[in-house]
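Structural features, examined
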Amino acid sequence: MKKSFQIFIFLILGLLSATTYANTQSLEWAGCGISQKAYMIEMTKAFKAKYGIDVNMNGGGATKGIRKVADGSADIGGSCRYSLKDHSLEQGVAFEPVAWDALAVIVNPENPVTNITFKQIQDLYMGKITNWKQLGGNDAPVKLFVRGSKVSGVGYTIRKLIFADIEKEFTANQTFKSSGPLEKAITEDPNAIGITGISSARLRNLKILKLNDKYPDYNTIRKGQYALYRPLFITFNPDSPNIETIKQFIKFSHSSSGRKIMKQNDVVPYLEALVLVMKQVKQDRMAQYGSENDLAN
């Protein structure tokens, strides 16, 4: 990735030092439902209560959280992925990391399985695991539910973190346009399994499986002990006519009040997980420059 730790810190320190705000009375937001549920709903309420500025929210997924900002139809967006390299509809967008989310493996509450391994997830998505007995469960067919789009926040992140291949094809029983319907379908099917964001999964009647014996909670995510973590971004256009109000909202998100809202929703504020920040910097540098040996040369 082309982003770096220095850019993150420069943006954050610059936003925290901003003191001049525009008179804009509202902002338009579009983006992923996971960001919306993780922190945006409560954050916008608190922001309005303090500054009297509305943030009008429309969902649509991470892709819209990038592209609507790029075309100017939204002031800010929510995304759980970077822009696609050289994609014409995703240019000119800045990404401010504000929180850490995790991908959760979810099943119906009636399912007796409690843990899954990284290798089992890979085999499941490749069609090598087809019966719950292979996962220590009942003798019943596994129904894998997945996001249909490769560039959705969840679809992209699964391919990146689990397979290191953003073009990977999955063997699935059913595909969904967004995470909400996928989660709902699993609440209704005892043989279904899928992956979604932990922030939205917690709001439904679902069982969240341990991954390699680690449950995705505030501490395991913050300490880097849970494998499937990812940053949540606020996207914006640095040339927006509402840039000062945008900076004001991002500053509030990083403030003690904003971080408190995130933690009350079991979300890890970005700067409170420096272990993950450094891991991300290393991953981004390797993605940009090559292997660790390449970096040393």
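Residues numbered from 1 in each chain as written. Predicted model: local features only at pLDDT ≥ 70, side-chain atom pairs only at ≥ 80, totals over all residues. Heavy atoms only, no water.

With that settled, the discussion passes to the environment of Gln-280. Relative to the elements of secondary structure, Gln-280 occurs in helix H11 (residues 274-289). C-alpha of Gln-280 to C-alpha of Pro-231: the two residues are 49 residues apart in sequence and 8.8 Å apart in space. (Helix = DSSP H or I, 4+ residues; strand = E, 2+ residues; numbered from the N terminus.)

Turning our eyes to something else, we now look at the pairing of strand E4 (residues 94-107). A large share of E4 lies buried, amounting to 14 of its 14 residues. One ladder, built from eight bridges, connects E4 with strand E11 (residues 229-236); its direction is antiparallel. In the sheet register, Phe-95 faces E11, and the bridge partner there is Thr-235. Sheet topology note: the E4/strand E12 (residues 268-269) ladder contains two bridges and is antiparallel. (Buried < 20%, exposed > 50% of the residue type's maximum accessible area, 1.4 Å probe, protein only. Pairing = 2+ DSSP bridges.)

Mapped onto the fold, Asp-75 is located in the loop between helix H3 (62-70) and strand E3 (76-79). The side chain of Asp-75 is buried and forms no salt bridge, while Lys-68, the nearest opposite charge, is found at 12 Å. Within the structure, the side chain of Asp-75 is placed 2.8 Å from the backbone nitrogen of Glu-28, a separation counted as a polar contact. A polar atom in the side chain of Asp-75 sits 2.9 Å from the side chain of Asn-242. Beyond its immediate sequence surroundings of up to four residues, Asp-75 is in contact with Ser-26, Leu-27, Glu-28, Val-69, Thr-235, Phe-236, Asn-237, Ser-240, Asn-242 and Ile-246. (Lys, Arg positive; Asp, Glu negative; His and termini not counted. Salt bridge = Lys/Arg side-chain N within 4 Å of Asp/Glu carboxyl O. Polar contact = N/O pair within 3.5 Å; in protein donor to acceptor, adjacent residues only side chain to side chain. Contact = heavy atoms within 4.5 Å.)

With that settled, consider the packing of aromatic side chains. By the definition in use, this model includes twelve aromatic pairs. Ring plane angle 85° and centroid distance 5.0 Å describe the contact between Phe-47 and Phe-249, whose orientation is recorded as edge-to-face. Here Phe-249 lies in helix H9 (residues 243-254) and Phe-47 lies in helix H2 (residues 33-51), a separation of 202 residues in the sequence. Each member of the pair, Phe-47 as well as Phe-249, is classed as buried. Look at Tyr-51 and Phe-252: their rings are 6.2 Å apart centre to centre, the planes differ by 85°, and that puts the pair in the edge-to-face class. Of the two residues, Tyr-51 sits in helix H2 while Phe-252 sits in helix H9, which places them 201 residues apart along the sequence. What makes Tyr-51 partly exposed here is its relative accessible area of 30%. One aromatic cluster is present, formed by Phe-47, Tyr-51, Phe-249 and Phe-252 through successive ring pairs. (Phe/Tyr/Trp six-rings, centres within 6.5 Å; stacked < 30°, edge-to-face > 60°.)

Glancing now at the nonpolar core. Formed by 76 residues in total, the largest nonpolar core has its most connected members in Tyr-39, Ile-76, Trp-100, Tyr-125, Ile-158, Ile-193 and Phe-249. The element that contributes the greatest number of residues to this core is E4, accounting for ten residues. Contact partners of Phe-249, with chain neighbours within four places excluded, come to Leu-27, Met-40, Met-43, Thr-44, Phe-47, Val-55, Ile-76 and Ile-234. (Core = buried A, V, L, I, M, F, W, Y, C linked by side-chain atoms within 4.5 Å.)

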